[in-house]
Amino acid sequence: MPITILHVVYVWPILKRFRNERLTLVIGSIIPDLEIPLLTMMGYAIPRGLAHSIIGALTIDSLIVLLATKIIYSFPRVISSLGVNPRSSVSLIYSWNAASVGALTHVLIDYLHHSYNPILWPIINDYIEGPLTIFLGYLYASLLLHIISIILLTSIILYSSRILKISLRRLLSSPSNLYRVLVEPDF
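Report on the accompanying structure. Because the structure is a prediction, the values reported are computed rather than measured.

**Let's talk about the packing of aromatic side chains**
Consideration 1: Considering all chains together, one arrives at 3 aromatic pairs under this definition.
Consideration 2: On the basis of an interplanar angle of 35 degrees and a centroid distance of 6.1 Å, the ring pair of Phe18 and Tyr94 is categorised as tilted. Taken together, the residues span a long stretch of sequence, with Phe18 in the loop between helix 1 (8-11) and helix 2 (22-30) and Tyr94 in helix 6 (residues 92-113) at a distance of 76 residues.
Consideration 3: The exposure class of Phe18 is buried, given its relative accessible area of 12%.
Consideration 4: Ring geometry for Tyr116 against Tyr127: centres 6.0 Å apart, planes inclined by 85 degrees, an arrangement best described as edge-to-face. One end of the pair, Tyr116, is in the loop between helix 6 and helix 7 (131-136); the other, Tyr127, is in the loop between helix 6 and helix 7, with 11 residues separating them in the sequence.
Consideration 5: Judged by relative accessible area, Tyr116 falls into the partly exposed class, the value being 44%.
Consideration 6: With a relative accessible area of 40%, Tyr127 lands in the partly exposed category.

Pasting the structure below:
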């Protein structure tokens, strides 16, 4: 997976393309991992299923993202404390596209370094070995992708701190500054 929150770094470069749906895109990039604790509690040995498939990303993941985003926007205190930009009126198709792109990004990143990927479910009901795991094995593939993700996150934070002219400490200690950097970078 990389650790769930690290998936945000893979959608960060395209946030500007989804100006009115950045939060939807970011939530989409982390939502597939909601199934992991659910499937684990239900006793599945491999906690990846529909949400980690391409069809799942385009359907159920996107639906959950749209619902989650709607819930977040319904809490004015959360919106004001994070400094969320007011949502412009956008079409459902645009919102669904942002959610799908985020979820697909997650599914494809996970595919690279996991041994058990239901990526083509239900077309092919088999788990598919990720390309990095084939060459490096699960442990090294996972470690490599986590290191890359952490380097990208660190780069984004350092770059943002320099551009915004605020200290790293102030950036990292403020949820609204982190939100501004990771979800709505307007610099």
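There is more to say, and it comes next.
**Observations regarding the side chain of Thr105**
Consideration 1: Summarising the element assignment, Thr105 is placed in helix 6.
Consideration 2: Look past the residues within four positions of Thr105 in its chain and what remains in contact with it is Tyr10 and Val11.

**Some thoughts on the layout of surface pockets**
Consideration 1: Each pocket or cavity is described by its volume, and for the largest pocket that value is around 170 Å³.
Consideration 2: Those elements that place two or more of their residues in the lining of the largest pocket are helix 2 and helix 10 (175-182).
Consideration 3: It is helix 2 that contributes the most residues to the lining of the largest pocket, 4 residues altogether.
Consideration 4: A breakdown of the residues in the lining of the largest pocket according to their chemical character gives 12 nonpolar, no polar and no charged.

**What about the packing of helix 8 (residues 138-164) against helix 10?**
Each packed pair of helices is defined by two parameters, the angle between the axes and the distance between the axes.
Consideration 1: Put simply, helix 8 and helix 10 touch, their axes get as near as 10 Å, and they point 105 degrees apart. On the basis of the axis angle, helix 8 is roughly perpendicular to helix 10. Each of Leu153, Ile156, Ser160 and Leu164 in helix 8 lies in contact with helix 10, whose residues at this interface are Arg180, Val181 and Leu182.
Consideration 2: The residue inventory of the contact of helix 8 with helix 10, partitioned by class, reads 5 nonpolar, 1 polar and 1 charged.

Rules used in this analysis
- Residues numbered from 1 in each chain as written.
- Predicted model: local features only at pLDDT ≥ 70, side-chain atom pairs only at ≥ 80, totals over all residues.
- Heavy atoms only, no water.
- Phe/Tyr/Trp six-rings, centres within 6.5 Å; stacked < 30°, edge-to-face > 60°.
- Helix = DSSP H or I, 4+ residues; strand = E, 2+ residues; numbered from the N terminus.
- Buried < 20%, exposed > 50% of the residue type's maximum accessible area, 1.4 Å probe, protein only.
- Contact = heavy atoms within 4.5 Å.
- 1 Å grid on protein atoms, 1.4 Å probe; cavity = no way out; pocket = protein on both sides within 12 Å on 5 of 7 lines; lining within 4 Å.
- Points joined across faces, edges and corners; volume = space filled by probe spheres on them.
- Nonpolar A, V, L, I, M, F, W, Y, C, P; charged D, E, K, R; others polar.
- Axes fitted to C-alpha atoms, helices over the stretch in contact; angles between N-to-C directions.
- Parallel < 35°, antiparallel > 145°, perpendicular 65-115°, else oblique.

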